Amino acid sequence: MANVRLPDDFFFGAALSGPQTEGMWKAYGKLENLWDLWSGENLGAFYNRVGSYGGNDMGARYAEDFRIFHELGLSSCRTSIQWSRLMDADGHLNREGADFYHKLLAAAREAGVEVFVNLYHFDMPAYLFRRGGWDNREVVEAYVSYARAAFTEFGQEVEHWFTFNEPIVEPEQRYEHGNWYPFHHDFAQARRVQYGISLAHALAVGAFRELQAAGTVRPDAKIGLINCFTPPYTRENPTPADLEAVRMTDGLGNRWWLDLVTKGSLPTDVLDTLAEHGVHLPVRAGDDAILAQGVVDWLGFNYYHPARVQAPKQTVDEWGNPVFSEEYVWPDAVMNKSRGWEIYPQGIYDFAMTMTHDYPDLDWFVSENGIGIEEHHAARTADGRIDDVAYRVPFVADHLRWIARAIDEGARCKGYHYWGVIDCWSWNNAFKNRYGFVEVDLQDNYCRRLKASAEWLRNVAVTHVIED
Ligand code: BGP
């Protein structure tokens, strides 16, 4: 293999989220969100009983963190505003929360780092969840008021906006697979939630366009959506039933969102199949016009692992839900055992080629990619640094090589954000798996310390060359 070079205007940055970094869960008028609610009800559900409260202390250390990003050669980062911090329970702007984010954005500017702002990262305010969450149109409307407030408050400061991070995850994790609070196993509810989020996205894009036309949002600002697209694969010599499993996996997880953000509609083959199985979306007159507003300026692609599926042995599960696919265990899979996710860098290229072929006009960037390794596997060297080079560098280098190849073949991939450049809180895994090029030492007051891999990242971000 020879050295590989990414284009000069390709950007490098860091991906993070408000609920996983800020901490200060009760400061600046912040209300309880679903993570705080779950932490309060059952702290034992979180690794080492570390709940949502502390984040990685970025709320107190953001200036330091932005300086670290800059020193690592990163020009941008994406985080999220927390709905539960920006708005009060009456749906009005919370001034203290807004001021917190103004200060955070100012510190980033001072450090020379652009902040991409995402509006929602699995963090529904608890009082709105109690009113039905995404299953209730009033909550969809509340989200749009929140989005309007954010566009109005920060419209002159922020250039890159996103409506949602991984909108497929809450339907699946909260309502279908029962892994996250409120632990439902209800396929139909999951799809209603997915539909509610889709409407919320489209209405927020509509509000953004309106406020941009009015001059409230700066003229060069863009809006997008971020999703964890999983390129779908099945076994060799598939049966028609295996291919059907691929169609629905791809349809619900990928094409649903891609059609929404490029065509302003949802894929009819998927809706037809759902209807055939008695799953009906709560469609109201006028919804088509709402969805039509959902077309974005660009897209974020979070990539960790592919989806390998085959025809299911049973087409109905123990809760009476329809089943469209089951996992296919590929014998050659290389696994990240800490996370249970397959490592398959070529997937990033395959998705890029799908984009180039099926959605050729849309710009996108890799908005998350990274490897989280259980902390106790990490070796600390004599100088006190964690030596993570052996697993982190090849992971990132391999993905970047496939991105470079895709760009050579026409992909409109504009940049790369690494997830968790600084270790952060990972939902119910808390601090079990560490993603960072920078350690957060929980035994030392969240102190930041560069890991051995950080020098490699800086070199790639500055030179754009991935050495052989
Ligand atoms: C993505 C989420 C992030 C982040 C990441 C790593 O799905 O957008 O919030 O957490 O995955 O996953 P985890 O933290 O579960 O290891």
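The structure under discussion appears in the preceding block.
So, here is what we can say about the structure in this document.

Scoring rules and cut-offs
- Residues numbered from 1 in each chain as written.
- Predicted model: local features only at pLDDT ≥ 70, side-chain atom pairs only at ≥ 80, totals over all residues.
- Heavy atoms only, no water.
- Near = heavy atom within 4 Å.
- Polar contact = N/O pair within 3.5 Å; in protein donor to acceptor, adjacent residues only side chain to side chain.
- Areas by Shrake-Rupley, 256 points an atom, 1.4 Å probe, with all protein chains shown as cover.
- Helix = DSSP H or I, 4+ residues; strand = E, 2+ residues; numbered from the N terminus.
- Contact = heavy atoms within 4.5 Å.
- Phe/Tyr/Trp six-rings, centres within 6.5 Å; stacked < 30°, edge-to-face > 60°.
- Buried < 20%, exposed > 50% of the residue type's maximum accessible area, 1.4 Å probe, protein only.
- Pairing = 2+ DSSP bridges.
- Core = buried A, V, L, I, M, F, W, Y, C linked by side-chain atoms within 4.5 Å.
- Salt bridge = Lys/Arg side-chain N within 4 Å of Asp/Glu carboxyl O.
- Axes fitted to C-alpha atoms, helices over the stretch in contact; angles between N-to-C directions.
- Parallel < 35°, antiparallel > 145°, perpendicular 65-115°, else oblique.
- Left-handed = near helix turned anticlockwise from the far one by under 90°.
- Nonpolar A, V, L, I, M, F, W, Y, C, P; charged D, E, K, R; others polar.
- Arc of directions from axis to C-beta.

1. Some details on the site of the ligand
Around the ligand, the neighbouring residues are Gln 20, His 121, Asn 165, Glu 166, Tyr 304, Arg 339, Trp 341, Glu 368, Trp 419, Ser 426, Trp 427 and Tyr 435. Taking Asn 165, its side chain carries an N or O atom lying 2.9 Å from an oxygen atom of the ligand. At 2.6 Å, a side-chain N or O of Glu 166 approaches an oxygen atom of the ligand. Look at the ligand: alone it shows 380 Å² of surface, and the protein chains cover 93% of it.

2. So, the side chain of Asn 433
When you line up the elements, Asn 433 lands in strand S18 (residues 433-434). A polar side-chain atom of Asn 433 sits 3.0 Å from a polar atom in the side chain of Lys 432. Residue contacts for Asn 433: discarding those within four places in its chain leaves Ser 338, Arg 339, Gly 372, Ile 373, Glu 374 and Ser 426.

3. Notes on the packing of aromatic side chains
For the structure on display, the rule yields 55 aromatic pairs. Judged by centre distance (5.7 Å) and plane angle (35°), the rings of Trp 35 and Trp 38 are tilted. Linking Trp 35 with Trp 38, this pair stays in helix H2 (residues 34-41), spanning 3 residues, or about one helical turn. The class of Trp 35 is buried, set by a relative accessible area of 0%. Judged by its relative accessible area of 3%, Trp 38 is buried. Between the aromatic rings of Trp 134 and Tyr 143, the centroid separation amounts to 5.6 Å while the plane-to-plane angle is 70°, which identifies the pairing as edge-to-face.

4. As for the sheet that holds strand S10 (residues 326-327)
By way of backbone hydrogen bonds, the strands of a sheet pair with one another, either parallel or antiparallel. Pairing is mixed across the open sheet formed by 3 strands, whose spatial order is S7-S9-S10. Since the sheet does not close on itself, it has two edges, and those belong to strand S7 (232-233) and S10, each with one partner. Across 2 bridges, strand S9 (residues 307-310) lies against S10 in antiparallel orientation. Note that in S10 the partner of Val 309 across the bridge is Glu 327.

5. A closer look at the nonpolar core
Core analysis: the largest hydrophobic core is formed by 146 residues, its most contacted members being Phe 66, Trp 134, Tyr 143 and Trp 161. Looking at which element gives the most residues to this core, the answer is helix H9 (residues 187-213), with 14 residues. With residues up to four places along the chain from it excluded, the contact list for Phe 66 reads Met 58, Cys 77, Leu 104, Ala 107, Ala 108, Ala 111, Val 113 and Val 115. Grouped together as the second largest cluster of nonpolar side chains are 6 residues, Phe 11, Phe 162, Ile 226 and Phe 365 included.

6. Here we look at the pattern of salt bridges
If you walk through the whole model with that rule in mind, you get 39 salt bridges. Notably, a salt bridge pairs Asp 65 with Arg 448, separated by 2.8 Å at the nearest N-O pair. One end of the pair, Asp 65, is in helix H3 (residues 58-71); the other, Arg 448, is in strand S20 (residues 447-450), with 383 residues separating them in the sequence. Neither Asp 65 nor Arg 448 differs from the other in exposure class; each is buried. Notably, a salt bridge pairs Arg 434 with Asp 423, separated by 2.7 Å at the nearest N-O pair. Of this pair, Arg 434 sits in strand S18 while Asp 423 is found in the loop between strand S17 (413-419) and S18, placing the two residues 11 residues apart along the sequence. The pair formed by Arg 434 and Asp 423 is uniform in burial state, with each residue classed as buried. If you follow the salt bridges from partner to partner, you end up with Glu 244, Arg 247, Asp 250, Arg 255 and Asp 269 in one network.

7. Comments concerning the pairing of strand S19 (residues 438-441)
Going residue by residue along S19, you find Val 438 and Val 440 tucked away on one face and Glu 439 and Asp 441 tucked away on the opposite face as well. Pairing geometry for S19 and S20, over 4 bridges, is antiparallel. Its bridge partner lying in S20, Asp 441 is registered against Cys 447. Counted between consecutive antiparallel strands, the loop separating S19 from S20 contains 5 residues, among which Asn 445 sits at a positive phi close to 55°.

8. Details of the packing of H3 against helix H5 (residues 95-111)
In the contact formed by H3 and H5, the axes pass within 8 Å of each other and the chain directions differ by 25°. Judged by the inter-axis angle, H3 sits roughly parallel to H5. In this structure, H3 crosses over H5, and the sense of that crossing is right-handed. Residue-level contacts link Gly 59, Tyr 62, Ala 63, Phe 66, Arg 67 and His 70 of H3 to Phe 100, Lys 103, Leu 104, Ala 107, Ala 108 and Ala 111 of H5. In the contact of H3 with H5, the residues fall into 8 nonpolar, 2 polar and 2 charged.

9. As for the pairing of strand S13 (residues 363-368)
The element S13 is extensively covered by neighbouring structure, given that 6 of its 6 residues are classed as buried. Pairing of S13 with S17, which is carried by 2 bridges, proceeds in the parallel orientation. Looking at S17, one finds that Val 366 is bridged to Tyr 416.

10. Description of helix H11 (residues 268-276)
Taken together, the buried positions of H11 are Val 270, Thr 273 and Leu 274. The buried residues of H11 occupy one face: seen down the axis, they fall within an arc of 100°. In H11, the exposed positions that point more than 90 degrees away from the buried face belong to Thr 268 and Glu 276. Residues of H11 that are buried sit in contact with H9 and helix H10 (240-263). Looking one or two residues past H11, Gly 278 carries a phi angle of roughly 80°, positive in sign.

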